[in-house]
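Listed here are the chains, written in short residue letters.
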Amino acid sequence: METLRYVFLVFHLFGFAAILGGLFYQLRGKDPVTGGYMVSSAGVQLVTGAGLIWTRMSLDLPVIDAKMWVKLALDALVAAVALVGMRNRKAWAFYGVGTFTAAAVVVAVAWT
């Protein structure tokens, strides 16, 4: 079970890296848009985040419920904004995905 928790953690970090890496790459261009990779990565974030919570609870490791609900809400918001941005091709969605992803990282790291 511990190995599964680490697998979820690695893929959770891959999802985060794909979103922000793609975001920073597109900032070099003149017209950044939300791509399908952001929607896919946001889905990875949701699934692996839920998996991380499940494995922590299964191993009787401490889980801060409020933090997990805030993270889940932010990840769902990232997925929703990415989906809307991919369909509408609006710049606000591109920057929204980046902002909400950064907020999720701050919550994950700073809330102990």
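Residues numbered from 1 in each chain as written. Predicted model: local features only at pLDDT ≥ 70, side-chain atom pairs only at ≥ 80, totals over all residues. Heavy atoms only, no water.

What am I meant to see in the overall build of the protein here?
In terms of helices and strands, the protein carries four helices and zero strands. Counting helices and strands in the order they occur from the N terminus, the protein gives α-α-α-α. Its C-alpha radius of gyration of 14 Å places the protein within 12% of the 13 Å reference for a compact globule of 112 residues. Classification of the 112 residues of the protein by burial places 34% in the buried group. (Helix = DSSP H or I, 4+ residues; strand = E, 2+ residues; numbered from the N terminus. Rg over C-alpha atoms; globule rule 2.2 N^0.38 Å. Buried < 20%, exposed > 50% of the residue type's maximum accessible area, 1.4 Å probe, protein only.)

In this structure, what is going on with the packing of helix α1 (residues 2-26) against helix α4 (residues 91-110)? I would like to understand it.
Two numbers describe a pair of packed helices, the interaxial angle and the distance between the axes. For the pair α1 and α4, the least separation of the axes is 10 Å and the interaxial angle reads 135°. With respect to each other, α1 and α4 are oriented oblique. Where α1 crosses over α4, the handedness of that crossing is left-handed. For the pair α1 and α4, the contacting residues are Phe16, Ile19, Leu20, Leu23 and Gln26 in the first and Phe94, Val97, Gly98, Thr101 and Val105 in the second. Here the residues of the contact of α1 with α4 are counted per class, giving seven nonpolar, three polar and no charged. (Axes fitted to C-alpha atoms, helices over the stretch in contact; angles between N-to-C directions. Parallel < 35°, antiparallel > 145°, perpendicular 65-115°, else oblique. Left-handed = near helix turned anticlockwise from the far one by under 90°. Contact = heavy atoms within 4.5 Å. Nonpolar A, V, L, I, M, F, W, Y, C, P; charged D, E, K, R; others polar.)

For this particular structure, what's the right way to read the packing of aromatic side chains?
What describes a pair of aromatic rings is the distance from one ring centre to the other and the angle between the planes of the rings. One pass over the structure, following the stated rule, counts two aromatic pairs. When the centroid spacing of 5.6 Å and the interplanar angle of 85° are considered together, the rings of Phe11 and Phe14 count as edge-to-face. With Phe11 and Phe14 both in helix α1 and three residues apart, the pair spans about one turn of that helix. Judged by relative accessible area, Phe14 falls into the exposed class, the value being 52%. Considering the side-chain rings of Phe94 and Tyr95, the 5.2 Å spacing of their centres and the 80° angle between planes classify their relative orientation as edge-to-face. By relative accessible area, which is 0% here, Phe94 ends up buried. It is Arg5 that lies over the ring of Tyr6; its NZ or CZ is 4.9 Å from the centre. (Phe/Tyr/Trp six-rings, centres within 6.5 Å; stacked < 30°, edge-to-face > 60°. Lys NZ or Arg CZ within 6 Å of the ring centre and 35° of its normal.)

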